[in-house]
Protein chains: 2
Amino acid sequence: MVDIATRVWNHKWKIDPIVRSLIDTDFYKLLMCQSVFRNKRGTRVTFSLINRSKHVPLAKLIDEGELREQLDHIRSLSLSRGESTWLRGNTFYGKRQMFRPDFMEWFENLRLPPYHLERKGDQYELTFEGNWPEVMLWEIPALAVLMELRGRSVLNRMGKFELQVLYARAMTRVWEKIENMRDIPNLSIADFGTRRRHSYLWQDWCVQAMREGLGGAFTGTSNCKIAMTRELEAIGTNAHELPMVYAALAKTDAELAQAPYDVLSDWHEEHEGNLRIILPDTFGTKGFLDNAPDWLAGWTGIRVDSGDPVIAAETAIDWWKARGEDPSTKRIIFSDGLDVEKIRALHSRFASQVNVSFGWGTLLTNDFRKLVPDDKLAPFSLVCKAVKANGVPTVKLSDNPNKAMGPADEIARYKRVFGVGEQVAQEVIV
Amino acid sequence: MVDIATRVWNHKWKIDPIVRSLIDTDFYKLLMCQSVFRNKRGTRVTFSLINRSKHVPLAKLIDEGELREQLDHIRSLSLSRGESTWLRGNTFYGKRQMFRPDFMEWFENLRLPPYHLERKGDQYELTFEGNWPEVMLWEIPALAVLMELRGRSVLNRMGKFELQVLYARAMTRVWEKIENMRDIPNLSIADFGTRRRHSYLWQDWCVQAMREGLGGAFTGTSNCKIAMTRELEAIGTNAHELPMVYAALAKTDAELAQAPYDVLSDWHEEHEGNLRIILPDTFGTKGFLDNAPDWLAGWTGIRVDSGDPVIAAETAIDWWKARGEDPSTKRIIFSDGLDVEKIRALHSRFASQVNVSFGWGTLLTNDFRKLVPDDKLAPFSLVCKAVKANGVPTVKLSDNPNKAMGPADEIARYKRVFGVGEQVAQEVIV
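Calculation criteria
Residues numbered from 1 in each chain as written. Chains lettered and ligands numbered in written order. Predicted model: local features only at pLDDT ≥ 70, side-chain atom pairs only at ≥ 80, totals over all residues. Heavy atoms only, no water. Helix = DSSP H or I, 4+ residues; strand = E, 2+ residues; numbered from the N terminus. Buried < 20%, exposed > 50% of the residue type's maximum accessible area, 1.4 Å probe, protein only. Contact = heavy atoms within 4.5 Å. Areas by Shrake-Rupley, 256 points an atom, 1.4 Å probe, with all protein chains shown as cover. Lys, Arg positive; Asp, Glu negative; His and termini not counted. Charge placed at Lys NZ, Arg CZ, Asp CG, Glu CD. Polar contact = N/O pair within 3.5 Å; in protein donor to acceptor, adjacent residues only side chain to side chain. Buried area = accessible area lost by both parts, 1.4 Å probe. Salt bridge = Lys/Arg side-chain N within 4 Å of Asp/Glu carboxyl O. Least-squares fit on C-alpha atoms with pLDDT ≥ 70 in both. Core = buried A, V, L, I, M, F, W, Y, C linked by side-chain atoms within 4.5 Å. 1 Å grid on protein atoms, 1.4 Å probe; cavity = no way out; pocket = protein on both sides within 12 Å on 5 of 7 lines; lining within 4 Å. Points joined across faces, edges and corners; volume = space filled by probe spheres on them. Nonpolar A, V, L, I, M, F, W, Y, C, P; charged D, E, K, R; others polar. Domains from an automatic or database assignment.

**Points about the overall build of chain A**
Secondary structure assignment for chain A yields 19 helices and 13 strands. Oriented by its inertia axes, the alpha-carbon framework of chain A measures out at about 70 × 50 × 45 Å. For chain A, with 430 residues in total, the buried portion stands at 59%. In chain A, of all internal contacts separated by at least 6 residues, the share reaching a separation of at least 24 is 77%. Counting every atom, chain A has about 17800 Å² of accessible surface; 48% of that belongs to carbon and sulfur. For chain A, the distance from the average position of its 57 positive side-chain charges to the average position of its 57 negative side-chain charges is 3 Å.

**Overview of the side chain of asparagine 51 of chain B**
Residues and elements named next belong to chain B. Along the chain, the position of asparagine 51 falls in strand E1 (residues 44-51). On the basis of relative accessible area, asparagine 51 is assigned to the buried category, the value being 5%. At 2.8 Å, the side chain of asparagine 51 forms a polar contact with the backbone nitrogen of serine 53.

**Details of the interface of chain A and chain B**
Taken together, the contact pairs 22 residues of chain A with 22 residues of chain B. Three residues, Met1, Phe161 and Arg169 of chain A, lead the burial of chain A against chain B; their summed loss comes to 33% of the area buried on that side. There are four salt bridges connecting chain A and chain B. A salt bridge links arginine 169 of chain B to glutamate 176 of chain A, with the nearest nitrogen and oxygen atoms 3.7 Å apart. The interface formed by chain A and chain B holds four residue pairs in polar contact (both at pLDDT 80 or more) in total. Those elements giving two or more residues to the side of chain A that touches chain B turn out to be helix H1 (4-10), helix H9 (160-181) and helix H10 (200-214) of chain A.

**Remarks on the relation of the copies chain A and chain B**
Expressed as a screw transformation, the operator carrying chain A onto chain B has a rotation angle of 180° and an axial translation of 0.0 Å, and the superposed copies differ by an RMSD of 0.0 Å. Within this description, the copies of the chain are treated as partners about a two-fold rotation axis. Of the C-alpha atoms belonging to chain A, the one lying closest to the rotation axis is found on alanine 168 of chain A, 2.1 Å away. A high fraction, 100%, of the interface residues of chain A reappear at the interface in chain B, so the copies pair face to face through one surface.

**Quick notes on the nonpolar core**
In globular proteins that are soluble, nonpolar side chains generally tend to be buried together. Phe107 of chain A together with Phe107 of chain B are the most contacted members of the largest nonpolar core, which has 285 residues in total. Apart from the residues within four sequence positions on either side, phenylalanine 107 of chain B is in contact with Leu22, Ile23, Leu30, Leu79, Leu87 and Leu137 of chain B.

**Description of the layout of surface pockets**
All names here are of chain A. Considered as a void within the structure, the largest pocket measures approximately 790 Å³ in volume. Residue lining of the largest pocket: 43 residues in total, with Tyr28, Phe192, Arg303, Asp305 and Ser335 positioned closest to the centre. Residue assignment for the lining of the largest pocket shows that the elements contributing at least two residues are helix H2 (27-39), strand E6 (189-191), strand E10 (331-334), strand E11 (355-360), helix H18 (362-365) and strand E12 (382-389). For the lining of the largest pocket, the residue count by class is 15 nonpolar, 14 polar and 14 charged. Both domain 1 (14-156 + 379-395) and domain 2 (163-365) contribute no fewer than three residues apiece to the lining of the largest pocket.

Below is the structure:
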């Protein structure tokens, strides 16, 4: 029987919303948001969309009106009662009441601030300005909207049947990747694919595939909404925006050199155990570790997110040894441009020395490469970053010069302050 | 919204019927049924299930109670008003009123006769006895039931997710086959896969895939129900059971030698054009053509269903030439164990000399090879044949000794009468 009411309801939709919940975002955003809410609430920041893949002409592919509708829809969202209950009542990383009452009260009343959208040639300029805790929550939904609208521009021209075969192929591919990883002993892998996913439904499918195929080796998802609805662990710690903004707020070179450690000092007060994960590459891993205070060596692990992951992992292991720490008690989380082969290689290289985890992103939730003509569904490198804090431009160096951002003179200054020399460039795919 | 009524309706089902319509059968069965109804109505026949793949222990895989439920359900079926309307009102092979009023009246009142089912070791003995026009209609649904119950015995143990990936893989495979054939010029191909299909829904999907992927090169389906619901051509002419039963009814060797031509003489009176397709291999193609009356050379084409298809096609072309016919006006329909490679090879070999068509069966509608452990969904060779006519055993020789059936002494007699010498054995996969 046809469910007439559902049919009628469906054709009343003005749009098919891409983001339907404020917690359809990465868990680390909420952790960072609470930290910022506590420590830097009044900071004014600007976040900006940056399409590193200039060959993808977003403004030609995506109708501006549709983009505005999707972004406006996100601005209409607020935390639902069930979402709030989940955030307040759930255990995250083994801890109850991760989110404190004052933060939750603020979050429950939050609407995302306005956006600024302008077409510039074949690209969009999309920026968000305001108080840091509000503006930062735009990053993930904005990326998800752009990724999915770009996908829809291709899917809209396909027949019902072609679509079915497209998804059959994509499902087969994901499942074969998962089957390929089943024999990795003590695998520990999570979904980190929200921001560049093909779509929400697809990410949700991939997460269920991971759970079904990998069982306990699948540790959870970075996506809070999916973690909630699928009753999985929400995964994530912190990201580059914290040291980037802290650094931009520094008044002197000495304060600048200290800024990344200030971030982790604030974090240290708030979190313990598996949430004490160092992200060392914002201004170069080597210098960060060399100059790090000893209490940081006591942290649980390191996340490797740029550069050659083998070098980064070896640097971390050497650093722990030099500080008298036993690497076998530590954890390294790889999260940069992973796919099955790289996961297998890194696991087999390091699993005997440290605890190894993987945060698998784009090539889990958006591997539609070669599935349509001209590869028009291939993932591409889109980011949304803090570019200014209290009027001062931010800088990111990372361990890959192709991922560096900021004004040239500021990059030079940061390189000097953080003692970053020659870097090896790595291709940025996603 | 949940459609509560549908959910409740679904859990009222006692069984999930495999065959839900009397016209969920091959079109040629109905054409032959009308011919038999007209010419041999009172003939008593026995049809019997024959599992040529002894390594598939049907009685271990399929519960006898479930099998009986499915067969009993088929006995409860009768032609629906819409089905009757379609048979009476539709154009088949360009002809209106293909099915005459007296036949339709009989068909509208038909219920299938009883079956006899007995477990013999790991196999089932399943036979149908009665008047030919009724009993013959058991063949296709009986095969479809056994094929699908065997499949369900595997699918029942799979998780919801594994099932989804299984079908994603199978869909991808079918679609890749179809894409592979798109560049064949003047391709003409039909679905002949009812009897050994994976399931009705799957066959229906494959048919839609063919239509979507091949457009006009896909000429239709042998399945009447799918032809009706998808508004496609119903395809098919005649099969071995006609000469087999006619031959068994022969009183003398002279009558036996004449029997296959009597079949086509009856057919000649009834049909013209693309329905005048010779199936010459029942008792050996070579002898059949050598001794054929000249009026048969005027028929539209030949169906090649056993033996080496290249030899059979060349034999037919030589025969037409010898009888003064122009092969380029003739049609050869290949229908034995086809898959894409064989289709491409036969097409490229013969398309310049004759009109070539393909009746693609099992490897279209049941190619689940290697998709589950131990290949337990691989298609296998199951047939349901007329084994007796008015108490006399039937014989089939075909152009492949591995497909021969009947008592040894009768086979020897038929070989003598039809002048069949040494034959080359071909592996029977499906």
